[in-house]
Amino acid sequence: EFVRNCILKSRGGDTSDEVKYDPVNLRVNNMDVCFPHQLFINNEFVDSVSGRAYATINPSDESVICSIAKASKEDVDVAVHCAGEAFSHGEWGKMSARDRARLMYKLADLMEEHKEELATIESIDSGAVYTLALKTHIGMSIDAFRYFAGWCDKIQGQTIPISHARPNRNLSYTVKEPIGVCGIVTPWNYPLMMLAWKMSACLAAGNTVVLKPAQVTPLTALKFAELVVKAGFPPGVINILTGSGAEIGAALTGHPDIRKLGFTGSTEVGQEIMRCCAMSNLKKCSLELGGKSPLIIFADCDLDRAVKQASGAVFFNKGENCIAAGRIFVADSIHDEFVNRMIAEVGKMKIGDPLDRATAHGPQNHKAHFDKLLEYLEIGEKEGATLVYGGKRLDRKGLFLEPAIFTDVTDSMYVAQEESFGPIMVISKFDDMDVADVIHRANRTEFGLASGIFTKDINKAMHIADRLEAGTVFVNTYNKTDVAVPFGGFKQSGFGKDLGEEALHEWLKIKAVTVEY
Ligand code: TAP
C-alpha cells in the first residue's frame, strides 16, 4: 500500500492530504505562511529527545520569529539509523532510477507551487530581499532538483577491455553506486539553495541523507521537509536536524554509519570537518569553503557594464555570497572614473525592508555577522584604506549596513586578504601594461573560489583565464552560476564540486567487476 502511494504521489496523484505537524502560522508579506518548527526524522516532525529549543530571529527588526527544536546527539543517532534503514531495506533502494527521478520532479513542482511562501520565509529568516529570494534562493533550488532529477536514469558505468587470461576471455565493467547514508552541513547565506545544491545531487545518486542547516536560518529547510512528505518520499530518505554545528554538525561528521559528508561553510570549520571525517571512519568529504575572489578590470573594458557588474559582484545578496568579488583590481588609467561611477551606482541602491519590492539591499543575516562586519570596516580604516562611501549602521531597527567602498587598498592589508562576507568593496589599482603582475597579485591568496576579468580583448581574457587559480572564471560577467555548470574552489576554498555532472560523482562510488568466461 505504501509503495503504491509513493508511486502514485510521485506521478502526480493524490497530494491533497495534509502533512501533520504543529505549525507556526504567520501573516506576513500579505500572505499566510506556515511551517514546521521541529526536527524532521523518518517523515515525522518531532521535538528533540532533550526537549531543548532556541529562538530564530528576523534580522529586519531583531524580533523573535519562533522557537525551533534544538537537536541533540541522540537525535542524530535516531536520524542516521532511519536513513540507514531507508537505504538498506526501504522502498528507496528498491525503486528504479526513473521512479526516484519522478519523486524529485514532484518535489520540485511542489517547491514551485510554494515558491512565494518559501521566498517569504527565507526573507524573514535570512534578510534576503524577497524579489531575489524568489529568483535565486528559491528559483535556483527548484532548478537544481529538476536538473539532478534528469540525471537519475543516466548514471552509468563503462565496459573496459582488459588482457585476457588465455585461453579464457575477460571483461571488466564499472557500476556507479550510491555511497549510503550521507551527512550535509550548510551555511546561512543561501539557506534553501545550499540545501538544494547538495541534496539534489545526493538523492539523484540514490543516497539517503541527514542534513543540518545553519542554526540561524533553519526555516526554509523545515518548510522543504513538509514538501518532502507531500511529494511522497519514503520515510528516512531525507532527515533534517536543526541545531548547533559544534554539536550536531560534529556528530554527523564523526558518525560511524555516515560514509560521506558534504559541507559548505568557512575554511576554518572545513579543516575541522576534514580532520573529523578522517579520524572517525575515513568518510569521504567535499568542502565548499571561503573565498576572496579577484575581479580585474582593464582600461579597455566596457566601463558601464563593468561598473554595474562589479557592483553586483560585491553587493549581491548583501555581500553574503561565497563568490563575491573580495578584491577589485582597477587599471590605473580608469581608476578614478571607475570609483566615481561606482559611488553613483551604489547610491542608487534602495536599502530597507527586504519584503518591499523596490528594495535592493536588506539587513545582514544575523547579529554576530553584523558585528564582525563593523569590526572589519574599523580595521580597514585603521590600516589606512580610504572609506570613500558608506559603511555606517543605519539609524533604524534591524541589522542594516550601508554598502561600503574602500580605495587605496594595498596587498598586505587585512581587508585585501580576509573575506568580509558582507557589502564591502575593496578596490586596488594596477598597472594596465603589466598583466603578469596583476595575475600574480590576483593569485596571491590562499583562496581560489572564483575570479573575474573585464576587457574587450578576448585574447587577453583567455590567456588570463588560463592562469587564474580559481574554480570559476567569469569573463565580462559575474555571478553567472547555472545548475549545469560545476561550482567549487581551488586551494583553501576546498574541493569537490556542487552542480553539473561533476557533482554527481561526489555522491557515488565506482565498483569495478571483472569476469572470466
Ligand atoms: P561556518 O561557521 O563554517 O558554518 C557552516 C555550517 O557548519 C553551519 O551549519 C555551522 O553550524 C556548522 N558548523 C560549525 N562548526 C561545526 C563543526 N565543528 N562541525 C560541523 N559543523 C559545524 O560558516 P558560516 O558562518 O555559516 O558561513 C560563512 C562562510 O561560509 C564563509 O566563509 C563563506 O565563504 C562560506 N561559504 C562558502 C560557500 C561556498 S559554495 N564555497 C557558500 C556559502 C558560504 P552553526 O549553524 O551552529 O554555526
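Because the structure is a prediction, the values reported are computed rather than measured. (Residues numbered from 1 in each chain as written. Predicted model: local features only at pLDDT ≥ 70, side-chain atom pairs only at ≥ 80, totals over all residues. Heavy atoms only, no water.)

Novice: Explain the sheet that holds strand β19 (residues 450–454) to me, please; I cannot follow it from the model alone.
Specialist: Within a sheet, neighbouring strands are paired by backbone hydrogen bonds and run either parallel or antiparallel to one another. Strand order in the open sheet made by the 7 strands is β16-β17-β18-β15-β14-β19-β20, with mixed pairing throughout. Every other strand in the sheet has two partners, leaving β16 (386–389) and β20 (472–475) as the edge strands with one partner each. Looking at each pair of strands side by side, their axes are set apart by 25° on average, direction ignored. Where strand β15 (residues 325–331) lies against strand β18 (residues 424–430), 4 bridges are found, and the strand directions are parallel. Paired with Ala331 across the bridge in β18 is Phe430. (Pairing = 2+ DSSP bridges. Helix = DSSP H or I, 4+ residues; strand = E, 2+ residues; numbered from the N terminus. Axes fitted to C-alpha atoms, helices over the stretch in contact; angles between N-to-C directions.)

Novice: Even after reading the chapter, I still don't get the site of the ligand, so can you show me in this structure?
Specialist: Among the 28 residues in the neighbourhood of the ligand, the closest are listed as Gln215, Gly245, Ser266, Leu289 and Glu419. Note that an oxygen atom of the ligand is positioned 2.9 Å from one of the side-chain N or O atoms of Trp188. Note that an oxygen atom of the ligand is positioned 2.6 Å from one of the side-chain N or O atoms of Ser266. Expressed as a share of its isolated accessible area of 910 Å², the protein-covered part of the ligand is 85%. Mapped onto the shell around the ligand, the elements with two or more residues apiece are α9 (245–253), β12 (260–264) and α10 (267–281). Residue composition of the shell around the ligand, by class: 14 nonpolar, 11 polar and 3 charged. (Near = heavy atom within 4 Å. Polar contact = N/O pair within 3.5 Å; in protein donor to acceptor, adjacent residues only side chain to side chain. Areas by Shrake-Rupley, 256 points an atom, 1.4 Å probe, with all protein chains shown as cover. Nonpolar A, V, L, I, M, F, W, Y, C, P; charged D, E, K, R; others polar.)

Novice: Help me out: how do you make sense of the pattern of salt bridges in this one?
Specialist: Here the idea is simple: oppositely charged side chains can pair when their charged atoms come close. Scanning the model with the defined rule gives 28 salt bridges in all. As a salt-bridge pair, Lys223 and Glu226 come within 3.0 Å of each other at their nearest N and O atoms. You can see Lys223 and its partner Glu226 sitting in helix α8 (residues 219–231), 3 residues apart, about one turn around the helix. The salt bridge partner of Lys260 is Glu506, with a shortest N-O separation of 3.9 Å. Taken together, the residues Lys260 in strand β12 and Glu506 in helix α17 (residues 500–506) connect sequence positions 246 residues apart. Each member of the pair, Lys260 as well as Glu506, is classed as buried. (Salt bridge = Lys/Arg side-chain N within 4 Å of Asp/Glu carboxyl O. Buried < 20%, exposed > 50% of the residue type's maximum accessible area, 1.4 Å probe, protein only.)

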